[in-house]
Structure formats: structure tokens, C-alpha cells
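# Breakdown of the fold
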Amino acid sequence: MFWLAADVLRRGMLVQIHITTSDGVPIYQQVVNQIKFLIASGRLNSGDELPPIRVLAAQLLINPNTVARAYRELETAGIVEKRRTAGTYVSEQGSPLARRERVKILAERIDTLLAEAIHMGVSIDDVMKLVQQRHDAIQSARNEE
Amino acid sequence: MFDSVPSSASPIVEIRGLTRKFGDKVALNDLSLDVPRGGVFGLIGGNGAGKTTLIKHILGMLKAQQGSVHVFGLDPVKDPVGTLGRIGYLSEERELPDWMRVGELIRYTQAFFPNWDDSYAEELRESFDLDKKARIKTLSRGQRARAGLLVALAHRPELLVLDEPSSGLDPVVRRDILGAIIRTIADEGRTVLFSSHLLDEVERVADRVAIIHHGQIMLTASMEEIKEQHRRVTLRFDQSLDRPPELVGSLSSTGQGKEWTYICNGEMSQLRNAAEAIGGTVVEEAALTLDEIFISRILF
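Parameters at a glance
- Residues numbered from 1 in each chain as written.
- Chains lettered and ligands numbered in written order.
- Predicted model: local features only at pLDDT ≥ 70, side-chain atom pairs only at ≥ 80, totals over all residues.
- Helix = DSSP H or I, 4+ residues; strand = E, 2+ residues; numbered from the N terminus.
- Buried ≥ 20, exposed ≤ 12 C-beta atoms within 10 Å, placed from the backbone.
- Contact = placed C-beta atoms within 7 Å.
- Domains from an automatic or database assignment.
- Nonpolar A, V, L, I, M, F, W, Y, C, P; charged D, E, K, R; others polar.
- Core = buried A, V, L, I, M, F, W, Y, C linked by C-beta atoms within 7 Å.
- pLDDT = per-residue confidence, 0-100.
- Pairing = 2+ DSSP bridges.

## Digging into the environment of Gln229 of chain B
Residue and element names in this part refer to chain B.
- Note that Gln229 resides in helix α8 (residues 223–229).
- Here Gln229 falls in the partly exposed class, since 17 other C-beta atoms lie within 10 Å of it.
- Considered as a pair, Gln229 and Ile293 are 64 residues apart in the sequence and their alpha carbons are 9.9 Å apart.
- Discounting chain neighbours no more than four positions away, the residues touching Gln229 are Asn265 and Gly266.

## Describing the domain arrangement of chain B
All names here are of chain B.
- Here the domain parsing of chain B yields domain 1 (13–214) and domain 2 (227–299).
- Computed over C-alpha atoms, the centres of domain 1 and domain 2 are 38 Å apart.
- Of all elements in the fold, only α7 (199–205) and β8 (208–213) reach the threshold of two or more residues within the side of domain 1 that touches domain 2.
- If one sorts the elements of the side of domain 1 that touches domain 2 by residue count, α7 sits on top with 3 residues.
- Along the lines of polarity and charge, the residues of the side of domain 1 that touches domain 2 split into 4 nonpolar, 2 polar and 1 charged.

## Topic: the nonpolar core
- Membership of the largest hydrophobic core comes to 95 residues, with the highest contact counts inside it found for Val67 of chain A together with Val161, Ile181, Val192 and Leu193 of chain B.
- Among all residues touching Leu193 of chain B, those that are not within four sequence positions of it are Val13, Val35, Phe41, Leu43, Leu159 and Val161 of chain B.

## Concerning the confidence of the model for chain B
- In the predicted model, chain B carries a mean pLDDT of 90, and the fraction of residues at 70 or more is 97%.
- With a pTM of 0.81, the predicted complex shows an ipTM of 0.82.

## Here we look at the pairing of strand β3 (residues 87–90) of chain A
Residue and element names in this part refer to chain A.
- Here β3 shows a clear split, with Thr88 and Val90 buried on one side and none of Gly87 and Tyr89 buried on the other.
- Across 2 bridges, strand β1 (residues 49–50) lies against β3 in antiparallel orientation. Following the sheet pairing, Leu50 is matched in β3 by Thr88.
- Here strand β2 (residues 80–83) pairs with β3 via 4 bridges, running antiparallel. Bridge assignment links Arg83 to a residue of β3, and that residue is Gly87.

What follows is the structure in C-alpha cells.
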């Protein structure tokens, strides 16, 4: 039903976060990182409401205090803000930080790519060529759509 | 702000110098433990570590041979009415009266608890998909656990005690149990004490953890402290070494040649200084899972 979907959206319940306990990263840190990622990749925008602490805790099956700590960290970093109407929202001034986050995320991916290239004995020049080729392939596929 | 943080007020469970022997076997050895009010307390330990024996003392099912047990400030053996009426309990065996139907179990349990919440019980029954007319003995293992959970929760206990609640259950039922734990503490002031050997579950939901081993508490701290104070650190030395040099704060070490990896307990800045003092450089450091921390504490 439409009104139901709208209600869910308004409450910001569609946040896609996945928690793992297999690599030792503290859970609050995973929540912080993934919300930053969602903002940087444009899936959460300025003014969007984050789910209430209890709702996100129940969704992710994690301790509500952990969610509260993640929200506190995001608030201190100026990425989200509390409003008087008792909700947590993505801040307006999120964009410069979002840019830094974007660069950081891409840099991590590039590091992984370069590490694999070194293992496979592929030179940096060939990697650059391949990146260009893939870019061209994606562009031409888009143009055909 | 969220307000079910474990409080500094008097603990909900207070155990002092508790010793329990079964014949020659020492199950609990001069054990002391405080469970603060509010939040989720995870009790972890291997098979036979003493978790269930400890929980049975909290419920007044076993009398302290030495030492003392207080729950809500009361002795659960002397005052079962004052304590058990405020505790919800689910055991690993999930002992339930097999001959009853689900509806009868609910009415029967309700009679013991003045605070029983009918609408909450009905809500749980529906969300757990439990048929009122089904006989307990015909329930699947998962449905049996859900029935046990329902009667443990529906009187909205101040203290919810779960002994290995997830043991032998499929992931769907385990989700229901974790969800119930989270809902229970989301109501202000309520406390969950649960024992488990599934440490990923404990890491998800516990505010505080105690590691029990050979009937003693090896470590008790907040989850935050435990995670922050244990790290895996890899050191590189100038020369190849046959054995790793002693690193202050390390619990165990593995490696060969120039690189040795330590499981450490301590602040990162202290560890860096300690590494420098023995001529090593930190080349890698990582957080540990609760599982890895538990193993390093128990085995070394």
C-alpha cells in the first residue's frame, strides 16, 4: 500500500546496513562507516531521517546502546544532527565531508585493485589502460540504452 | 538519548565467594560477580565451565554451599516468591509440561505472575506463529523454544535469564530470541542475563561480558573495554628470531623469522612503546573478534 511505503520512508527505515562479527571491527564502527558510505554514495541525502535507535537495533539485532553510540559519533562529526522533534537527520553541511568520504572509499578500492595487480604481475600502465577500456565499455553500453 | 545503560546503582545480581561442589568435582570456585541493573549481560564459557550451575544459584534452584547469592537484594533460596516472580527464565532444555496445549501453558503460567501482560502474550503468540491448540509435546524444537520464550517474557520480568537460549536452534528462531533480548532492554531499567557459547550473538547484544572458566570468573568488563583492550599486533624485527621476544601485555604469540604476531591486552600506545623497547616495529594491528579474545583468554 502506498501510504505504508511512504510511512516507512518517512521514518527512514530503509537504511541498508549489514553487521558482521567475523572481522573484529566494533559494531558501532560498522554502523558509523556504513552510514557514512550511504551518504557518500548518495543513498542517504541531507535532511533524510535515520531510523530511531530502537528500530535500527531491532532491525540489525544489535544492542540499542551500540546504535546510540554510533549516532553520537556521527553527530560529533557533524554528519547527522538531532532535531527538536526528536529524530536524527543527515546534516545539510554533509557535502564536503561526503566528498572526502567518497575519495577515501575509492582510494581503498584502488589499493585492493593495485595489490591484486601486483600479485598477478600486471604493470601499473596495463592497469591504467584496463581502467580506461572498462570506462569506455560502460560509456558505450550506456549510450546504447 | 537512549537510557538503558547499565547503571552504577546497586547490582541486580550480587554473588560473593560462591563455591559449589558436586562430589569431588568443583563446579564453582570462590566466584564473585556483579550484574548491573539495566542492559544485557553475557556470560560466556566452554562446556562444563560452570555457567548453568551459576544460573541455577541465581534462580534459587541450588543453595550456596559457601558464599552468598543476592538477586534484587534478596536471597533467592529463602525468598523464592520475592525473586522468581520478577524473573523470566528460559533454560537450554526448555523444560515445559509436555501434556499441555499451548493455550493451557499460557493460562497456567499466567496464574503465577501478577504482572502478566495478556496483550503482550497474545502479540508474541501471533508473531511466533504458535497454535493455542497444539500440544507442547508435538511442537518442533524451534516452536518449543518460542513457547518457552513467550512464557518467560509475557510477565515483563525485571530480570530475564536465558541459559544457552540459542543452543541447537535454526537461525530464524535465534533471530526471534535476539529480537526479544533487544526489546526487553529497550524498556527502561530491565536487565537480561544470558549465557552462550555463540560468541557472535554475545558480541551483537551484550553491554557487559563475563568469561567463566573452571568455575571462576576470568574477566568481566564492558564489551567496549574488552574490544578496545585486545588487539592483534604484528611486529617486525631486524633479525630473524627463533622465539618471539617477550612483549608486555601479550597473551599469546605466533610467527617465525622476522615477523611475530601477538594477541595483546592493553592500550595501543602502551603496546607501541613495549614493542619499541624490545626492538620491534608494529607492521600490522587489528581488532579481534570476541571469539578470538575468548580463546586467547582460555587457552593461554
